[in-house]
Structure formats: structure tokens, C-alpha cells
Amino acid sequence: MTAILVVDDELSMREFFTILLEKEGYDVATAGNGDEALALLADRHFELVISDIRMPGMGGLSLLEKIKETQSDTPVILITAFASPEDAVSAMKCGAFDYITKPFKVDEMLNIIKSATKRTAGSSPTPEAEVRPEGDFSEIIGNSPEMLKIFDLIQRIAPTPANILIHGESGTGKELVARAIHQHSKVANKPFIPITCSAIPETLLESELFGHVKGSFTGAISNKKGLFEMANNGSVFLDEIGELTPLIQTKLLRFLQEREFKPVGGTETIRVNVRIIAATNRNLEEEVLAGRFREDLFYRLVVVPLRVPPLRERKGDVPLLVNYFLEKYSSRLGKKVMEISSYALKVLMDYDFPGNVRELENVIERGVALETSNIILPESLTISMHRKRKESTGAAEGSLFAAVQDEEELYALGLDEVITRMEKNIIRHALEKTGNSKIRAAELLKVSFRSLRYKIQKYGIT
């Protein structure tokens, strides 16, 4: 059984945790103060310590420091009825697993306890293990229903020679999906050649794709094989295919129809067997209707369509991605930042990530680089706040704090409702300004953390 030590000077809290945790199958021991807790910790091993912060004698923060000196791997959850930003920051910097304010929701507390005990028990699977139901999907991180559908589709379409069109927003990982398709295909041991269509001028793109012969244009000092010839019997990944010019679209269409081409300036016809995996962040059907993309080419490419969902549609994968990037950049930057606080994770979970997985990766890389402790705190997160939200309160546009649009609405609503609206707008603005950090927002508004938390719950602010 997983052993948990509960430290609180109030008998009622010790009894509450004992009943709650034993019902969940945990082995529970209790202590009335920090000294008693240290004595118990010296005699036996606990997978988790839950401690009140304010107690007579040794408080929770001092106990946390003592535990980390001798048992650095033991997670400690601190709880308090007198929340303050200073205590929260100190707790996280000293290595607390989480910082919870009373009164707390039982379900939330149990979820935090499960997360903490999984880590110490070593039963928490690595991101790689969780995202690979069958086979290897390289660095595609996710186990949400949306991503499991992608994995299943990859396994079904990869062995076929059909052309595939991957569509999805920028930063969703379309090239990773394309590589996974190739790796699960029958030609996995053959070349996989990616090319970004928008990165090469039209005058050079034809040469890149089909090659050229010596002297065919200025600078052609020797014969050069094109990517299609180099990828013979393998796969070519054409990223941002919606950016192709009409001329290249025509030449690509002919290649897809005949599976042959002539190098620029050449007369010899070259036949190859290449699978085309294309990707775009545009709606190609709309591009076809607008006359900017050839309809016949579109249907040649979209034999099998595959949509990669944006990160906002698979928020359940955010914790997995965060853990993966924490490990990646802690190793790369020579840091030991291997955890993220629940507050910081909530900031990320509440954010829509217009830049998708690529943006999340950049946020975590910056967070690891900036963090001085062993855990990512909200203040180490740098996320874009350029998106303006339209408040359901009907606040006047152009003003962050306006509660009414005109005098008529003011007197129709009454003073109490107008003040409530204004207070909600101010709290929303403070949260946006601080990256959804309640601790920093409370400091900014010069109110207690507990008071701000109460108002956020009261007004249903998300």
C-alpha cells in the first residue's frame, strides 16, 4: 500500500484525511507538527507528505526544506487556510509538489495525490509509452481520442501506395505525421525527402523537384538529380503545397499522371516510383473554388485526406507534451527543471495556443531557460496575449474596464450590477496581464490571494 504522511495541528483535518485516504486504499500516518513528522520520516518511508503550512513550532515550509535535504524525491503537498503569494512562491521554489488552499475540492485533492504518488511509485508511464498504442510513432506525442484516431489511420493507410494530403494549422506537426506514414509503409527503408514549397522560388523549385542538366540555365555548372529521382521507390513530402505557382502545379500534375519527367533543359525522360505525401495549412477546396489551385491536381493529391487537429482540440495532450518538452530541454540546457506547478499547468490548459504544439514547445523551452528552481512556475511562462476576448458582459470596445456603453444602460442596470461588471473586467485583465497567474494577479491588484480566488469562483471567471 502507498504510505502517506499527513501533518496538521488540527485533529479534525488529520481525521478527515485519514478517513478519505484510507477509503481510497492508502496507508495513512499522521503527525500534529513538524517535529513529529520528522521523527516518523526517520523511521519509515512515505511516498507522499501532505502538510499544513501554519503550525506551532516548525511550520510546513520549514518541514518541506528539511524533507528535501534528506529525501529529495519525496513529493510534498502544502495546504493552508491563509494563502499568500509569498508562501506559494516559496513553496514552489523549495520543491513542493503543489500548494493548495483551504477549502479545497475533494476530487481535485485526490487527483493531485494520485499524480504525486504515481511519480514516486514509478508507475507513471513516460510520454513515449503513453502515446504508442501499437508500433513506433517517432515524436508524435499524444494519447487523446483525436490522436489515437490519427495513429489508427496512419497504420491503415501507410502500407498502401496512395497519395496522402495532410491538412492542419501551422505548428500541429504535419511533417511528423508524414514521417510516421513513411516509417510504417512498405518502403520504410527507402528515402524520405521533405521539401517546403514556399521556401524555394519558382525559378529554382522546378530544378529542385525534377533536376537539371549542365548548362540549362545560368549557374547550372553540372548535371543535378531532382528530389523525385533521389526519392525513387520512397516518399517525397511536399509541405505547404498550397503555395505552388500555376506553372509548378501543371508540371506536378503531369508527373502524378505519368510518373515520369524530364530534367530542366534535358531531353531524356526519367521514370520513377515515388509516393507523394503533401501538406497544407490552407483550405485547398476553397483555393480550388477561387481558381488558385488546380482541381485536377487537388484530386490527385487527396486520394487519402488526413486532418491533424490543433492543440486546442486535444487539450488532454498538453500535460504529456509539457513533460516531454521539460525532459528534452532540461537535458539540452543542462538544467534540472523536471516538473511544472499546478498553477503553471492551468495557465497552459486555459490557453488556446494559436501556434499549436510548436508554440507550446517554445514556451517550455523559454520556461526551462528562465527558471531558477526545479519546477516551472507561472512567472516563467511567456505566452502570447495578443488575442482580445469579447466579454459577454457587453463591455464597450476599446476600453478594458468599461462596464456599460452609455448613460441609459448605466441607470437601467443600477450601481451594484455596474460595479460587479467592472470588477469582473478588472480581474480578467489582471489575469491576462499575468499569464493567468492568480498569485501575481493578486499582487498586481493589491489584494490577498484568498480574496482574489474567492472572487474568481464567485464570478465564474475562466
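Cut-off values and rules
- Residues numbered from 1 in each chain as written.
- Predicted model: local features only at pLDDT ≥ 70, side-chain atom pairs only at ≥ 80, totals over all residues.
- Heavy atoms only, no water.
- Phe/Tyr/Trp six-rings, centres within 6.5 Å; stacked < 30°, edge-to-face > 60°.
- Helix = DSSP H or I, 4+ residues; strand = E, 2+ residues; numbered from the N terminus.
- Buried < 20%, exposed > 50% of the residue type's maximum accessible area, 1.4 Å probe, protein only.
- Core = buried A, V, L, I, M, F, W, Y, C linked by side-chain atoms within 4.5 Å.
- Contact = heavy atoms within 4.5 Å.
- Pairing = 2+ DSSP bridges.
- Right-handed = clockwise from strand over helix to strand, strands pointing away.
- pLDDT = per-residue confidence, 0-100.
- Axes fitted to C-alpha atoms, helices over the stretch in contact; angles between N-to-C directions.
- Lys, Arg positive; Asp, Glu negative; His and termini not counted.
- Salt bridge = Lys/Arg side-chain N within 4 Å of Asp/Glu carboxyl O.
- Parallel < 35°, antiparallel > 145°, perpendicular 65-115°, else oblique.
- Left-handed = near helix turned anticlockwise from the far one by under 90°.
- Expected span 1.5 Å × (residues − 1).
- Arc of directions from axis to C-beta.

**Re the packing of aromatic side chains**
- Counted under the stated rule, the structure contains 10 aromatic pairs.
- When the ring of Phe192 is compared with that of Phe237, the centres are 6.3 Å apart and the planes differ by 15°; the resulting orientation is stacked. Here the residue Phe192 occupies a position in strand S7 (residues 192-196), and Phe237 occupies one in strand S10 (residues 235-239), the gap between them amounting to 45 residues. Comparing Phe192 with Phe237 shows no difference in burial state: the two are buried.
- Arranged with centres 5.5 Å apart and planes meeting at 70°, the rings of Tyr324 and Phe325 form a pair that is edge-to-face. For the residue pair Tyr324 and Phe325, the accessibility class agrees, reading buried in each case.

**Describing the nonpolar core**
- Core analysis: the largest hydrophobic core is formed by 32 residues, its most contacted members being Phe228, Leu238, Ile241, Leu252, Phe255 and Ile276.
- Secondary-structure elements contributing two or more residues to this core are S7, helix H9 (202-210), helix H10 (227-230), S10, helix H11 (246-258), strand S13 (275-280), helix H12 (284-289) and helix H13 (295-301).
- Apart from the residues lying within four places of it in its own chain, the contact partners of Ile241 are Leu165, Cys197, Leu252, Ala278, Ala279, Thr280, Leu284, Phe293 and Leu301.
- Formed by 25 residues, the second largest nonpolar core is a distinct cluster that contains Tyr329, Val337, Val357 and Ile364.

**Quick look at the pairing of strand S4 (residues 76-80)**
- Burial analysis of S4 places 5 of its 5 residues in the buried class, the great majority of the element.
- Neither face of S4 is left uncovered, since the one carrying Val76, Leu78 and Thr80 and the one carrying Ile77 and Ile79 both have all their residues buried.
- Sheet topology note: the strand S3 (residues 48-52)/S4 ladder contains 4 bridges and is parallel. Paired with Asp52 across the bridge in S4 is Ile79.
- Crossover connection from S3 via helix H3 (residues 60-70) to parallel S4: handedness right-handed.

**What to know about the confidence of the model for the protein chain**
- For the protein chain, per-residue confidence averages 82 on the pLDDT scale, and residues scoring 70 or more make up 87% of the total.
- In this model, residues 122-134 is a region of pLDDT below 50 whose contacts with residues beyond four sequence positions or in other chains number 23 contacts.
- Confidence drops under pLDDT 50 across residues 385-400; counting only partners more than four residues distant or on other chains, this segment forms 22 contacts.

**Brief notes about the sheet that holds strand S5 (residues 98-101)**
- In spatial order, the strands read S2-S1-S3-S4-S5; together these 5 strands make up an open sheet with parallel pairing. Strands at the two margins of the open sheet, each flanked by one partner only, are strand S2 (27-31) and S5. The mean angle between the axes of side-by-side strands here comes to 20°, regardless of whether they run parallel or antiparallel.
- Relative to S5, S4 runs parallel, the two sharing 4 bridges. Looking at S5, one finds that Ile77 is bridged to Asp98.

**Focus: the side chain of Lys68**
- Here Lys68 lies in helix H3.
- Of the buried charged residues, Lys68 lacks a salt bridge, with Glu339 as the closest side chain of opposite charge at 6.2 Å.
- Once residues lying within four places of it in the same chain are set aside, the contact partners of Lys68 are Thr74, Pro75, Cys94 and Gly95.

**Digging into the packing of H9 against H11**
- The interhelical angle for the contact between H9 and H11, taken along N-to-C directions, is 15°, at an axis separation of 10 Å. In this view, H9 runs roughly parallel relative to H11, as classed from their interaxial angle. In terms of crossing hand, the pair formed by H9 and H11 is right-handed. Mapping the contact onto sequence places Glu202, Leu205, Glu206, Leu209 and Phe210 in H9 and Leu247, Ile248, Lys251, Leu252 and Phe255 in H11.

**Focus: the pairing of S3**
- Counting buried positions over the 5 residues of S3 gives 5, a clear majority of the element.
- Alternating residues of S3 divide into Leu48, Ile50 and Asp52 and Val49 and Ser51, and every residue in both groups is buried.
- When strand S1 (residues 3-7) meets S3, the two strands line up parallel, connected through 4 bridges. Each bridged residue has a counterpart across the sheet, and for Leu5 the counterpart in S3 is Val49.

**Here's the deal with H11**
- In this model H11 runs 19 Å from its N-terminal to its C-terminal C-alpha over 13 residues, within 8% of the 18 Å that 1.5 Å per residue would give.
- Listed as buried for H11 are Ile248, Gln249, Leu252, Leu253, Phe255 and Leu256. Down the axis, H11 shows its buried residues gathered within 165° of arc, on one side only. Structural note: H11 exposes Pro246 and Arg254 on the side pointing more than 90 degrees away from its buried face.
- In this fold, the buried residues of H11 make contact with H9, H10, S10, strand S11 (260-261), S13 and H13.
- Just past H11, the residue Arg259 takes up positive phi, approximately 60°.

**Digging into the sheet that holds S13**
- Strand order across the open sheet formed by 5 strands is S7-S10-S13-S6-S14, with parallel pairing between neighbours. Each end of this open sheet is capped by a strand with a single partner; those strands are S7 and strand S14 (304-307). In this sheet, adjacent strand axes meet at a mean angle of 20° when their direction is disregarded.
- As judged from the 4 bridges shared by strand S6 (residues 164-167) and S13, these two strands associate in the parallel manner.

**Quick look at the pattern of salt bridges**
- In this structure the tally under the stated criterion is 17 salt bridges.
- A salt bridge links Arg292 to Glu287; its shortest N-O distance comes to 3.0 Å.
- A salt bridge links Lys315 to Asp352; the shortest N-O distance between them is 3.9 Å. Of this pair, Lys315 sits in the loop between S14 and helix H14 (318-333) while Asp352 is found in the loop between helix H15 (342-349) and helix H16 (356-370), placing the two residues 37 residues apart along the sequence.
- With a relative accessible area of 34%, Asp352 lands in the partly exposed category.
- When salt bridges that share partners are traced, they join Glu243, Arg282, Glu287 and Arg292 into one network.

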